Amino acid sequence: MISKLTGWGRSNHSISTLKTISSEGKMEILSNCINERGIIPRGLARSYGDSAMNSGGITLQTQAMDKIQLDPESGTAVIGGGASLMQLERICIPLGFFPFVVPGTSRITIGGAIASDIHGKSHHNEGSFSNHLLEMKLLASDGTVRILKPNGESSKLFWATVGGMGLTGIIIEATIRLKKIETSFVEINERRVNDLDQLLSVLTKYNKEYLYTVAWLDISGKYAGRGVVSGANHLKLENLPESSRAKNPLGLKTFGVKFPSFFVIKVITRTTIGVFNFCWFWKPLGKKIQQIQAYMHPLDFVENWNLLYGKKGFMQYQFVIPFEAKDVLHDVLKEFQKLRINSFLAVLKSFGEGSSGFLSFPKSGWTLAVDLPLGDPRISSLVQTLDRMVLEAGGRLYLTKDSRMSHCDLPLMYPELDVWKEIKKECDPNNLWQSDQGRRLKLC
Amino acid sequence: MLNCFGEFQRIVILGGKSDIALSILDKIATAPDAEIFLCGRKLKDFSHPLFNQFPVHKIEIDFAQVELAKLEIDKIFSSGDIDLVIIAFAILGSEELKLEPEEFKKVLSVNFLSQAILLNQINSKLLNQMHGQILQISSVAGMRPRRRNFVYGVSKFGVDFIAQGLQKENLGKNVYITILRPGFVHTKMTSGLKAAPFAIDSETVSRIAVKALLKKKRIVYAPKILSIIMFLLKLMPEPLFKRIDK
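Residues numbered from 1 in each chain as written. Chains lettered and ligands numbered in written order. Predicted model: local features only at pLDDT ≥ 70, side-chain atom pairs only at ≥ 80, totals over all residues. Heavy atoms only, no water.

*Asks:* Quick one: what's the story with the overall build of chain A, residue by residue and with numbers?
*Replies:* Each helix and strand in chain A was counted, giving 13 helices and 18 strands. Its C-alpha atoms give chain A a radius of gyration of 21 Å, near enough to 22 Å, the size a compact globule of 444 residues would have. Principal-axis analysis of the C-alpha atoms gives chain A an extent of 60 × 55 × 45 Å. Put simply, chain A has 444 residues, and 62% of those count as buried. Charge-centre separation for chain A: the mean point of 53 positive side chains lies 7 Å from the mean point of 42 negative side chains. (Helix = DSSP H or I, 4+ residues; strand = E, 2+ residues; numbered from the N terminus. Rg over C-alpha atoms; globule rule 2.2 N^0.38 Å. Buried < 20%, exposed > 50% of the residue type's maximum accessible area, 1.4 Å probe, protein only. Lys, Arg positive; Asp, Glu negative; His and termini not counted. Charge placed at Lys NZ, Arg CZ, Asp CG, Glu CD.)

*Asks:* Describe the pairing of strand E6 (residues 76-80) of chain A, and please don't skip the residues or the numbers.
*Replies:* As a general feature of sheets, a regular strand has side chains that alternate between the two faces. All names here are of chain A. Buried residues dominate E6, accounting for 5 of its 5 residues. Here strand E5 (residues 68-71) pairs with E6 via 4 bridges, running antiparallel. Across the sheet, the residue bridging to aspartate 71 is threonine 76, located in E6. Remark: 4 residues form the turn of the hairpin made by E5 and E6, two consecutive strands paired antiparallel; glycine 75 in that turn has positive phi of roughly 70°. (Pairing = 2+ DSSP bridges.)

*Asks:* Can you lay out the environment of Lys363(A) for me, pointing to particular residues and giving the numbers?
*Replies:* Residues and elements named next belong to chain A. As for its placement among the helices and strands, lysine 363 is situated in the loop between strand E16 (346-351) and strand E17 (365-373). Judged by its relative accessible area of 23%, lysine 363 falls in the partly exposed class. Distance from lysine 363 to arginine 396, taken between C-alpha atoms, is 9.1 Å for residues 33 residues apart in sequence. At 2.7 Å, the side chain of lysine 363 and the backbone oxygen of glycine 394 are in polar contact. (Polar contact = N/O pair within 3.5 Å; in protein donor to acceptor, adjacent residues only side chain to side chain.)

*Asks:* Describe the packing of aromatic side chains, and please don't skip the residues or the numbers.
*Replies:* Taken as a whole and judged by the stated rule, the model has 12 aromatic pairs over all chains. Relative to Phe314(A), the ring of Trp305(A) lies with its centre 5.6 Å away and its plane at 45°, an arrangement referred to as tilted. Residue class for Trp305(A) comes out buried when judged on its relative accessible area of 9%. Ring centres of Phe63(B) and Phe89(B) lie 3.8 Å apart, and the angle between their planes is 5°; on these two criteria the pair is classed as stacked. Here the residue Phe63(B) occupies a position in the loop between strand E3 (56-60) and helix H2 (66-78), and Phe89(B) occupies one in the loop between strand E4 (84-87) and helix H3 (101-129), the gap between them amounting to 26 residues. On the accessibility criterion, Phe89(B) (5% relative accessible area) is buried. What links up through ring pairs into an aromatic cluster is the set Trp8(A), Tyr48(A), Trp305(A) and Phe314(A). Taking the ring centre of Phe241(B) as reference, the NZ or CZ of Arg144(B) above it sits at 4.2 Å. It is Lys216(B) that lies over the ring of Tyr176(B); its NZ or CZ is 5.3 Å from the centre. (Phe/Tyr/Trp six-rings, centres within 6.5 Å; stacked < 30°, edge-to-face > 60°. Lys NZ or Arg CZ within 6 Å of the ring centre and 35° of its normal.)

*Asks:* Which residues make up the packing of helix H5 (residues 196-209) of chain A against helix H9 (residues 327-339) of chain A, and what are the values?
*Replies:* Residues and elements named next belong to chain A. Where H5 meets H9, the closest approach of the two axes is 11 Å, and the angle between their N-to-C directions is 135°. If you check the angle between H5 and H9, you find them oblique. In the crossing of H5 with H9, the sense of the turn from one axis to the other is right-handed. In this structure, H5 contributes Leu196, Asp197 and Leu200 to the contact, and H9 contributes Leu329, His330 and Leu333. Residue composition of the contact of H5 with H9, by class: 4 nonpolar, 1 polar and 1 charged. (Axes fitted to C-alpha atoms, helices over the stretch in contact; angles between N-to-C directions. Parallel < 35°, antiparallel > 145°, perpendicular 65-115°, else oblique. Left-handed = near helix turned anticlockwise from the far one by under 90°. Contact = heavy atoms within 4.5 Å. Nonpolar A, V, L, I, M, F, W, Y, C, P; charged D, E, K, R; others polar.)

*Asks:* I'd like a rundown of the sheet that holds strand E2 (residues 13-20) of chain A, residues and numbers included.
*Replies:* Residue and element names in this part refer to chain A. Read across the open sheet, the 4 strands follow the order E1-E2-E4-E3; overall the sheet is mixed. Of all the strands in the sheet, the pair left with one neighbour each is strand E1 (2-6) and strand E3 (39-42). For this sheet, the mean inter-axis angle between neighbouring strands, taken without regard to orientation, is 45°. Alignment of E3 against strand E4 (residues 58-61), held across 4 bridges, turns out to be parallel. In the strand pairing of E4, proline 41 is matched with leucine 60.

*Asks:* Any details on the environment of Arg37(A)? Residues and values, ideally.
*Replies:* Summarising the element assignment, Arg37(A) is placed in the loop between E2 and E3. When the C-alpha atoms of Arg37(A) and Leu432(A) are compared, they prove to be 7.6 Å apart, with 395 residues separating the residues in sequence. Beyond its immediate sequence surroundings of up to four residues, Arg37(A) is in contact with Asn54(A), Ser55(A), Gly56(A), Gly57(A), Gln434(A), Arg439(A), Asp81(B), Asn128(B), Gln129(B) and His131(B). In terms of polar contacts, Arg37(A) uses its side chain to reach the side chain of Asp81(B), at 2.7 Å.

*Asks:* Explain the nonpolar core to me, using residue names and the numbers behind them.
*Replies:* Formed by 104 residues in total, the largest nonpolar core has its most connected members in Phe336(A) and Leu348(A). Per element, the largest residue contribution to this core is 7 residues, and it comes from helix H10 (residues 378-392) of chain A. The contacts of Leu348(A), once residues within four sequence positions are left out, are Leu196(A), Leu199(A), Leu200(A), Leu203(A), Val214(A), Ala215(A), Leu217(A), Leu329(A), Trp366(A), Thr367(A) and Leu368(A). Core analysis: the second largest hydrophobic core is formed by 33 residues, Ile13(B), Phe46(B), Val210(B) and Ala222(B) among them. (Core = buried A, V, L, I, M, F, W, Y, C linked by side-chain atoms within 4.5 Å.)

*Asks:* So what's going on with the pairing of strand E12 (residues 212-218) of chain A? Residues and values would help.
*Replies:* Residues and elements named next belong to chain A. Of all 7 residues in E12, 7 are buried; the element is thus mostly enclosed. Residues Tyr212, Val214, Trp216 and Asp218 line one face of E12 and the alternating positions Thr213, Ala215 and Leu217 line the opposite face, and both faces are buried. Across 2 bridges, the pairing between E12 and E16 is antiparallel. Considered in E16, the bridge of tryptophan 216 is made with valine 347.

*Asks:* Outline a positive patch on the surface, listing residues and values.
*Replies:* A contiguous patch of positive charge, built from Lys4(A), Lys266(A), Lys311(A), Lys312(A) and Lys216(B), is present on the exposed surface. Within the secondary structure layout, Lys266(A) lies in the loop between helix H6 (242-247) and helix H7 (270-281). Residue classification places Lys266(A) among the partly exposed residues on the basis of a relative accessible area of 46%. (Patch = residues over 30% accessible without salt bridge, like charges linked within 9 Å, V, L, I, M, F, W, Y side chains within 5 Å. Areas by Shrake-Rupley, 256 points an atom, 1.4 Å probe, with all protein chains shown as cover. Salt bridge = Lys/Arg side-chain N within 4 Å of Asp/Glu carboxyl O.)

*Asks:* Help me get a handle on the interface of chain A and chain B, residues and values and all.
*Replies:* Across the boundary between the two partners, chain A contributes 25 residues, which contact 19 residues of chain B. Buried area between chain A and chain B, summed over both chains or domains, comes out near 1,700 Å², and the portion from carbon and sulfur atoms is 57%. Across the salt bridge formed by Asp81(B) and Arg37(A), the nearest N and O atoms sit 2.7 Å from each other. Elements with a minimum of two residues in the side of chain A that touches chain B: H10 and helix H13 (436-440) of chain A. By residue number, the principal contributor to the side of chain A that touches chain B is H10(A), which donates 4 residues. (Buried area = accessible area lost by both parts, 1.4 Å probe.)

*Asks:* Describe the side chain of Gln115(B), with residues and values.
*Replies:* Residues and elements named next belong to chain B. Examined against the element boundaries, glutamine 115 turns out to sit in helix H3. A polar contact is formed between the side chain of glutamine 115 and the backbone oxygen of phenylalanine 89, at a distance of 2.7 Å. Discounting chain neighbours no more than four positions away, the residues touching glutamine 115 are Ile87, Phe89, Val110, Gln136, Ile137, Lys156 and Val159.

*Asks:* Quick one: what's the story with a nonpolar patch on the surface, residue by residue and with numbers?
*Replies:* The grouping of Phe198(B), Ile225(B), Ile228(B), Phe231(B), Leu232(B) and Leu235(B) at the surface amounts to a nonpolar patch, some 620 Å² of accessible area in total. Here Leu235(B) is to be found in helix H6 (residues 226-235).

*Asks:* Tell me about the sheet that holds E16(A), residues and numbers included.
*Replies:* Residue and element names in this part refer to chain A. Overall, antiparallel pairing links the 8 strands, which are arranged E14-E11-E13-E12-E16-E17-E15-E18 in an open sheet. Strands at the two margins of the open sheet, each flanked by one partner only, are strand E14 (288-291) and strand E18 (396-397). In terms of strand pairing, strand E15 (residues 314-321) meets E17 through 8 bridges, oriented antiparallel. Within E17, the position partnered with phenylalanine 319 by the bridge is leucine 368. Across the sheet, H5 touches strand E11 (185-193), E12, strand E13 (226-234), E16 and E17, and the angle it forms with E12 is around 165°. Strand contacts of H9: E12, E15, E16 and E17, with the helix running at about 10° to E17, the strand carrying the most contacts.

What follows is the structure in structure tokens.
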């Protein structure tokens, strides 16, 4: 079926043949459909740009690979590459387990989590997804299934697949470590801050006290830099209020709402962003208890909130810079202020040490992610200016959020790019795995 | 591949010295890592201020040798996806010699045969990619035969016709051909010639062309008023038309 596809930002569009891989990860039926444009796996398409699209080729839906087998004794789970974190959480939370690393949305596949080497609010303590990945099965371009582990003979291809944006093969199955939880709640502390320096100071303090930390910034109007810092720890059973304990200490959150697919209306504008940011900044704060999925995945309350950006869509600009380059954060906010660009989602975190993934994004430093509506002609030159600042500071951009970066900047941001390309050439000599992003950034 | 801003990353210009094409290149939205492939004759010593902005690959092609030209186009596409192709090569020919056998053959074979073959080849390549745009520089000279330039005119008419046919083939396939029909444009090619009514410069043509590319328009005239003028001229009875056809 020829389909027009897009990423989460609804900004890059392309047409490809959409196929589905079987639940066992078999691809024989595709052999007569494969042309020189190749194949890219596509999970739940939460990457913002064009990494899960393949113009003129095959885009392979992976959701049929959805098995989940939890082993409570070893605290591990074997999960199909097309199963989502949401499905995993629904199974593991009632049994007293939770993944070590989850991002802001649980509507991503395990394959996507590995291909992006996702990070979450606990990166400063628990690293990225691959730090808890014990093993994976990769369907390679020669049709063989390779078992990859982080150490040993297969480690090169393992670490090339981690963060490899689906360009080394299809992840059929993965075994991950889970952590034990006593309740499905977290206790949260939040604090309002008035400027960026205060925010960074509070975030640094919270990183020592809390497992999960994150800061939301208001970058609308003259307030660029004020925000809310949040820290959370898992709630022990003894601290759970009696009423919740009686109901269910390991209860699940029932998620939210979904707009009809035709509801593509630009609701997120300068004005509405300003109003939202004002309300969010002044919302009542303090210590509270929240169900873990509601805290971890605030983006999941409205399933298709990306429609609210209207027909032109949006992009997300996410970078990481070393801790010592924190002045660059001030410079970045000044650029937004100069052009009076508003964003309702500007999130700042600190990262701990990165993983061994050659194209893995997280590395030690500050990371800022900003959503920007498209349609404003100044955004293109703004992000080019930010690229220069990030590069000069020794930082890099996140490929999962990328929809426009220059291929010339990629080797400077990812010094192990050449190593990755060698491994890609070795494991995929006929260039089967291709994507629009791969072509744009000369990764394939 | 286009980025989220719709900026072109890889652009091919057939007719690398064309004033109109270079003026369009100056104005269209290009990605910060854009690459340009300039194809034509005697490009080695050809320079332009724009060449400081992008990496420019100069490829010597004699469009009269269409089989060799096709091989060069193949090579360009095999190096990566192309987002935009501007087909801007043409021979105006001599008004006095237009019916001389050699001149007649040269104008038709370069302006029509070569261009039609390359347009078809490029369109097929873009269809294989399932993305891309072509700007075909046609001319109002192809709308109705005029005494002084009907050989040039028929060559433009022929490719224009094929481009319209390919537009129908391309429906729903994310490949778009925009046919630009300029009137008399002051360029290197027309220098020394008597300007026709509604003559414009390449800056104005390129502004119109860039807007048309952005909107993926099928056909655009430059200046735009020519769309009405040519409509009326096509309906005009011949006894009346020949009075203005001087």
